[in-house]
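Single-letter residue listing:
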Amino acid sequence: MEKKYKEDLEYFLNYVELKRGMELDKKYPNESMHIDFYFLHSKSELEEFINNFISNNYIKNDYDFYYLMCSIIKYMCGSLDAHTSIVMNNTNCYPLSIQALNEKIYVTKCNEEKYSYSELLEVNGIDIKKIIKELEDITCYGTYEWFLSRLHFYLNDKNRLLSLPCIDSNSKYIEYKTNKGIIKYEINKDYSQELSQIKKENFQQIQIRNNILILKYPKCNNKFAPNIRKLSSIINSNNIDTFILDLRGNSGGNSSLINPLIRYLKHSKLKLITLVNKTIFSSGRTAIIDMLKIGSKIVGQGIGTPINCFGSVQKYGELPNTKFTFSLSSAYLYEDEKKHIMKAIHTKKKLHKMPKSFYEPKHLKIDYYIDLTIDDYQSESDVMLDKCCEWINNTFNS
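Residues numbered from 1 in each chain as written. Predicted model: local features only at pLDDT ≥ 70, side-chain atom pairs only at ≥ 80, totals over all residues. Heavy atoms only, no water.

**Student:** Teacher, can you tell me more about the nonpolar core here?
**Tutor:** Nonpolar side chains in soluble globular proteins tend to end up buried together. Core analysis: the largest hydrophobic core is formed by 66 residues, its most contacted members being Phe12, Phe37, Ile131, Leu155 and Tyr176. Element by element, the count of residues in this core is highest for helix 4 (residues 62–77), at 11 residues. Every residue in contact with phenylalanine 37, bar those within four places of it in the chain, is listed here: Phe12, Leu13, Val16, Leu46, Ile72, Met76 and Cys77. Within the second largest apolar cluster, 33 residues are counted, among which are Ile258, Leu265, Ile280 and Ala287. (Core = buried A, V, L, I, M, F, W, Y, C linked by side-chain atoms within 4.5 Å. Buried < 20%, exposed > 50% of the residue type's maximum accessible area, 1.4 Å probe, protein only. Helix = DSSP H or I, 4+ residues; strand = E, 2+ residues; numbered from the N terminus. Contact = heavy atoms within 4.5 Å.)

Shown next, in the form of structure tokens:
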């Protein structure tokens, strides 16, 4: 392995154990950057893993080194920590949308319309099952739903694809073989305009269906923080008796921004529903717990994280040579099941005091599960929301 890769690996392994300092963390300055990178495996076990990997895989370029780094993080973090990750920057994404449905992979949207809603069979001549296996080997996930949601991004990401051992990193094209033909993209061509058209959607944060109000909250940030006065006015003037918080796609952010909404809903007489899917992660999960605390039913699909897991990223680091950026978990988060609130362990000492059973993943209970098919994606309607509203009417109004 070249000197620059050895230096970057050494830098990363030193960095995870650095003390945070007062500037980064005034409450826990003496804790390490990752609360405990060696929680699952010892240093000697990691050293053995790295040596075995290098003896079986020739690290000839940045793509190979990226696969090594992702493999290390997967080995060390397992299913407990999907927040710790590393990114190879300056990637290129291709203009197609991909979904995993019923054990098959589909291209649901494509800049070449004739390939939309086709089944994906191969990438650059490699069977899709092999591609998925190699992606799974470097992806940390606490629920399989999160891995499936990541496939949507990884299968059209140049750097992820070229890092895979089964794909030639010197490829000039990415070719997607589908049951409707082959979609071919130049490796480094800028497809940003085509991609923006694929991602374009008619976003409505507030919808009303009969006596049901639906509020979309796709990210825990100020842009989507609801205006409670406006919301209350709409509810009162439209005889609303049921409130749906649509959290689909919410991968996190500032978990406290939803507090005013929770306080308002707590003192209302509304029937509460939280709509969820596999793309919910991090603080998106906290919003679900907040809704459960005030009596919400949960409708949709399994989410992208267990209730309890490592998380709380404070700072992004950068490797000196390859310039890969990485994030590290600084705490272990869990639910106080009696109070329905999220709490956190911030010190390594307390982390090791808890029994092994404490770290067994706890998964969200879904009151009404909604499965989607490729036909549902072809529909012009929001089928999951349709089915949710239908369930509400059958359950509460029958």
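Having seen the structure, we can now continue with the description.
**Student:** Any chance you could explain helix 6 (residues 144–154) here in plain terms?
**Tutor:** Because an α-helix completes one turn every 3.6 residues, residues spaced three or four positions apart along the sequence face the same direction. Within helix 6 the residues assigned to the buried category are Trp146, Phe147, Ser149, Arg150, Leu151 and Tyr154. On its buried face, helix 6 is in contact with strand 2 (96–101), strand 3 (104–110), helix 5 (128–136) and helix 7 (158–163).

**Student:** Hey, could you run me through the environment of lysine 216 in this one?
**Tutor:** Secondary-structure assignment places lysine 216 in strand 9 (residues 212–216). Judged by its relative accessible area of 15%, lysine 216 falls in the buried class. Between the C-alpha atom of lysine 216 and that of leucine 151, which follows or precedes it by 65 residues, the distance is 24 Å. The residues touching lysine 216, leaving out its near neighbours within four places in the chain, are Phe203, Gln204, Gln205, Gln207 and Asp246.

**Student:** I tried to follow the sheet that holds strand 8 (residues 206–209) on my own but got confused; where do I start?
**Tutor:** The strands making up a sheet associate through backbone hydrogen bonding, with each pair oriented either parallel or antiparallel. Taken in spatial order, the 6 strands make up an open sheet running 8-9-10-11-12-16, and their pairing is mixed. Sheet topology places strand 8 and strand 16 (368–369) at the edges, where each strand pairs with a single neighbour. Strand contacts of helix 11 (residues 283–293): strand 10 (242–246), strand 11 (271–276) and strand 12 (297–300), with the helix running at about 160° to strand 11, the strand carrying the most contacts. (Pairing = 2+ DSSP bridges. Axes fitted to C-alpha atoms, helices over the stretch in contact; angles between N-to-C directions.)

**Student:** Where do I start with the pattern of salt bridges in this structure?
**Tutor:** Should the charged atoms of two oppositely charged side chains come close, the side chains can pair. Summed over all chains, the structure comprises 16 salt bridges. Ionic pairing is found between lysine 4 and aspartate 62, a salt bridge with its closest N-O pair at 3.6 Å. One end of the pair, lysine 4, is in helix 1 (residues 3–15); the other, aspartate 62, is in helix 4, with 58 residues separating them in the sequence. Judged by relative accessible area, which is 32%, lysine 4 ranks as partly exposed. By relative accessible area, aspartate 62 is classed as partly exposed at 23%. Note that aspartate 386 and arginine 209 form a salt bridge whose closest N and O atoms lie 2.6 Å from each other. Taken together, the residues aspartate 386 in helix 14 (residues 383–396) and arginine 209 in strand 8 connect sequence positions 177 residues apart. Residue classification places arginine 209 among the partly exposed residues on the basis of a relative accessible area of 23%. Via salt bridges that share partners, Asp246, Arg248 and Asp382 belong to a single interconnected network. (Salt bridge = Lys/Arg side-chain N within 4 Å of Asp/Glu carboxyl O.)

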